[in-house]
2 protein chains.
Amino acid sequence: MNIDIFGYFAAILTTAAFLPQLIKTLKTKKADDISFTTLLMFIIGVMFWIIYGYKISSTPILLSNLITLILNLLILISKIYFSKTFNEKESI
Amino acid sequence: MNIDIFGYFAAILTTAAFLPQLIKTLKTKKADDISFTTLLMFIIGVMFWIIYGYKISSTPILLSNLITLILNLLILISKIYFSKTFNEKESI
């Protein structure tokens, strides 16, 4: 069995996983329970994966992280847009 | 500049990112806005990354995904434990 198949399954799942979160957030118009710090750290991390994927010329790393970046940016924008506690200090 | 440094930064950020989410969930005792489907898909995907990392003997992939798995399992367990709508059908 080809080892790469595990990598492809992994990349597809950990990328597509953020689609139900985006749909849920858009449907419920609520994302207060999602950590802003987590989203920010994750997005910056994914940007580093994109740079790394580009530098080592890895299309799978580049492609999967570009989709992950777009989905997480949309989740972050939705969270900020729907935030009821927009003016409150969010510590974490 | 060493290309690997981008990969290490990426791995550390996308792994450590889930710690503030876990802390927030434990503090607020609420995780209703977090998609169950997202957590489940992400956890299964991370398990595939662990298998892939083991098969290609990549310690960074193995190690970072093991920590990501533990953090996300704890977030999932917390979500289920704190769920106020435990008996309600969660569609997404």
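Residues numbered from 1 in each chain as written. Chains lettered and ligands numbered in written order. Predicted model: local features only at pLDDT ≥ 70, side-chain atom pairs only at ≥ 80, totals over all residues. Heavy atoms only, no water.

### Some thoughts on the side chain of T15 of chain A
Residues and elements named next belong to chain A.
(1) Moving on: Along the chain, T15 falls in helix α1 (residues 4-16).
(2) Moving on: Within the structure, the side chain of T15 is placed 3.4 Å from the side chain of T68, a separation counted as a polar contact.
(3) Moving on: Once residues lying within four places of it in the same chain are set aside, the contact partners of T15 are S64, I67, T68 and L71. (Helix = DSSP H or I, 4+ residues; strand = E, 2+ residues; numbered from the N terminus. Polar contact = N/O pair within 3.5 Å; in protein donor to acceptor, adjacent residues only side chain to side chain. Contact = heavy atoms within 4.5 Å.)

### Some words on the relation of the copies chain B and chain A
(1) Moving on: Aligned on chain A, chain B shows an RMSD of 0.0 Å; the corresponding rotation is 180 degrees and the shift along the axis is 0.0 Å. When the rotation and shift are considered jointly, the pair of chain copies conforms to a two-fold rotation axis. Identified as the residue of chain B closest to the rotation axis by C-alpha distance is D33 of chain B, at 2.7 Å.
(2) Moving on: The fraction of interface residues of chain B whose copies in chain A are also interface residues reaches 100%, indicating that both copies meet through the same surface. (Least-squares fit on C-alpha atoms with pLDDT ≥ 70 in both.)

### Details of the packing of helix α2 (residues 18-28) of chain B against helix α4 (residues 59-82) of chain B
Residues and elements named next belong to chain B.
(1) Moving on: At their nearest, the axes of α2 and α4 sit 10 Å apart, and the two run at 20 degrees to each other. When the axes of α2 and α4 are compared, the pair comes out roughly parallel. Where α2 crosses over α4, the handedness of that crossing is left-handed. Contacts between α2 and α4 involve F18, L19, Q21, L22, T25 and L26 from the former and T68, L71, N72, L74, I75, S78 and F82 from the latter.
(2) Moving on: Its residues assigned to classes, the contact of α2 with α4 comprises eight nonpolar, five polar and no charged. (Axes fitted to C-alpha atoms, helices over the stretch in contact; angles between N-to-C directions. Parallel < 35°, antiparallel > 145°, perpendicular 65-115°, else oblique. Left-handed = near helix turned anticlockwise from the far one by under 90°. Nonpolar A, V, L, I, M, F, W, Y, C, P; charged D, E, K, R; others polar.)

### Side note on the environment of I3 of chain B
(1) Moving on: One can find I3 of chain B in the segment before α1 (4-16).
(2) Moving on: Expressed as a C-alpha distance, the spacing of I3 of chain B and K29 of chain B, which sit 26 residues apart in the sequence, is 41 Å.
(3) Moving on: Those residues in contact with I3 of chain B that sit more than four places away from it in its chain are Y52, K55 and I56 of chain A.

### Considerations on α4 of chain B
Residues and elements named next belong to chain B.
(1) Moving on: Its 24 residues place the ends of α4 34 Å apart at the C-alpha level, agreeing with the 34 Å of an ideal helix rising 1.5 Å per residue.
(2) Moving on: Within α4, the full set of buried residues consists of S64, N65, T68, L69, L71, N72, I75, L76, S78, K79 and F82.
(3) Moving on: Each element contacted by the buried residues of α4 is listed here: α1, α2 and α3 (36-55). (Expected span 1.5 Å × (residues − 1). Buried < 20%, exposed > 50% of the residue type's maximum accessible area, 1.4 Å probe, protein only.)

### Points about the confidence of the model for chain A
All names here are of chain A.
(1) Moving on: Model confidence for chain A is summarised by a mean pLDDT of 92, while 90% of its residues fall at 70 or above.
(2) Moving on: Summarising per-element confidence for chain A, the mean pLDDT is lowest in α1 (95) and highest in helix α2 (residues 18-28) (98).
(3) Moving on: Across the whole predicted complex the pTM is 0.89, and at the interface the ipTM reaches 0.88. (pLDDT = per-residue confidence, 0-100.)

### Points about the environment of A17 of chain A
(1) Moving on: For A17 of chain A, the position within the fold is in the loop between α1 and α2.
(2) Moving on: When the C-alpha positions of A17 of chain A and T68 of chain A are compared, they lie 8.9 Å apart, and in sequence the two are 51 residues distant.
(3) Moving on: Once residues within four sequence positions are removed from consideration, A17 of chain A is found in contact with T38, M41 and F42 of chain B.

### Examining the pattern of salt bridges
(1) Moving on: Here the structure, examined in full by the defined rule, presents two salt bridges over all chains.
(2) Moving on: Residues D33 of chain B and K30 of chain A are paired through a salt bridge, measuring 3.1 Å at the closest nitrogen-oxygen approach. With D33 of chain B in the loop between α2 and α3 and K30 of chain A in the loop between α2 and α3 (36-55), this residue pair bridges two chains.
(3) Moving on: According to the relative accessible area criterion, D33 of chain B is buried, its value standing at 5%.
(4) Moving on: The exposure class assigned to K30 of chain A is partly exposed, which follows from its relative accessible area of 29%. (Salt bridge = Lys/Arg side-chain N within 4 Å of Asp/Glu carboxyl O.)

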